[in-house]
Amino acid sequence: MKVILEALKSVMYSPIYFLLTLVISFLTLIFVILLPNFGLISQVFGDMSIPIDLKLNLVKGLLGGITTNFSVFSAAYTVIISLFFGINITFVLFLLKKRISLNRKVFATGFGGTFAGVIGIGCAACGTFILSSILSVIGASGALALLPLNGGEFGLISIGLLVVSIYLISKTIVQPAVCEIK
């Protein structure tokens, strides 16, 4: 935990990285909230007879879906995943910009944690969006209902993987780029 806090201090000290984290987290959260309604949104925005103010009001109204389509539990882990996703991406970008030679394992974990975060996002009504879509192809989406948290387990696993990813990337950020002198 200390390593993560040190990395957060050194990366988020720069207003650019702090703002980048907030923007990525916020856009991820908006994407997740609007995801179940992309068909409706594309249909409404594709209709030129609907005024733009009504289109924007629709999107604004759909953003309130986090209070109606999500349980408190799924809304909480969705917000946490979005925040950790933003931190994870910012850390990876920070390392790439600093041109630190990345250990393949740490780099792969960073993107693995990000992928897990995307897979685990979901709501009470739909379960995990992306995972449900993948599993429905093989007819296994009903199996999510058999789990004690109805698929919320994947959100918790995603949080865990993102924390591991952030920890490993934090170690790379905090450790010096040269060998220690003994």
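Residues numbered from 1 in each chain as written. Predicted model: local features only at pLDDT ≥ 70, side-chain atom pairs only at ≥ 80, totals over all residues. Heavy atoms only, no water.

**Some thoughts on helix 1 (residues 2-12)**
Part 1: Within helix 1, the full set of buried residues consists of Ile4, Ala7, Val11 and Met12. Along the axis of helix 1, the buried positions cluster into a sector of 105°, meaning they face one direction only. Away from the buried face of helix 1 by more than 90 degrees, exposed residues Lys2 and Lys9 are located. (Buried < 20%, exposed > 50% of the residue type's maximum accessible area, 1.4 Å probe, protein only. Helix = DSSP H or I, 4+ residues; strand = E, 2+ residues; numbered from the N terminus. Arc of directions from axis to C-beta.)

**Section: the packing of helix 2 (residues 15-34) against helix 4 (residues 52-63)**
Part 1: In the contact formed by helix 2 and helix 4, the axes pass within 9 Å of each other and the chain directions differ by 95°. On the basis of the axis angle, helix 2 is roughly perpendicular to helix 4. Between helix 2, through Ile30, Ile33 and Leu34, and helix 4, the contact on the second element is made entirely by Val59, Leu62 and Leu63.
Part 2: Looking at the contact of helix 2 with helix 4, its residues break down into six nonpolar, no polar and no charged. (Axes fitted to C-alpha atoms, helices over the stretch in contact; angles between N-to-C directions. Parallel < 35°, antiparallel > 145°, perpendicular 65-115°, else oblique. Contact = heavy atoms within 4.5 Å. Nonpolar A, V, L, I, M, F, W, Y, C, P; charged D, E, K, R; others polar.)

**Overview of the nonpolar core**
Part 1: By size, the foremost hydrophobic cluster in this structure holds 13 residues, and its most contacted members are Val11, Phe91, Phe94, Ile166, Ile169 and Ile173.
Part 2: When residues in this core are grouped by element, the largest group, five residues, is from helix 6 (residues 72-98).
Part 3: Of all hydrophobic cores here, the second largest spans six residues; its members include Leu29, Val32, Ile66 and Phe70. (Core = buried A, V, L, I, M, F, W, Y, C linked by side-chain atoms within 4.5 Å.)

**Describing the confidence of the model for the protein chain**
Part 1: Averaged over all residues, the pLDDT of the protein chain equals 76, while 66% of them reach at least 70.
Part 2: Considering each helix and strand of the protein chain separately, the mean pLDDT is smallest for strand 2 (residues 127-128), with a value of 48, and largest for helix 2, with 92. (pLDDT = per-residue confidence, 0-100.)

**Describing a nonpolar patch on the surface**
Part 1: On the surface, Leu19, Val23, Phe26 and Leu27 cluster together into a nonpolar patch covering about 400 Å² of accessible area.
Part 2: Relative to the assigned elements, Leu19 resides in helix 2.
Part 3: The exposed category is assigned to Leu19, whose relative accessible area is 52%. (Patch = residues over 30% accessible without salt bridge, like charges linked within 9 Å, V, L, I, M, F, W, Y side chains within 5 Å. Areas by Shrake-Rupley, 256 points an atom, 1.4 Å probe, with all protein chains shown as cover. Salt bridge = Lys/Arg side-chain N within 4 Å of Asp/Glu carboxyl O.)

**Digging into the packing of aromatic side chains**
A ring pair, where both rings are aromatic, is described by two values, the distance of the centres and the angle of the planes.
Part 1: Going through the model one piece at a time under the given rule, you end up with three aromatic pairs.
Part 2: On the numbers, 5.3 Å between centres and 75° between planes, the contact of Tyr17 with Phe94 is edge-to-face. Here Tyr17 is found in helix 2, whereas its partner Phe94 is found in helix 6, with 77 residues between them in sequence. Just as Tyr17 is buried, Phe94 falls in that class too. (Phe/Tyr/Trp six-rings, centres within 6.5 Å; stacked < 30°, edge-to-face > 60°.)

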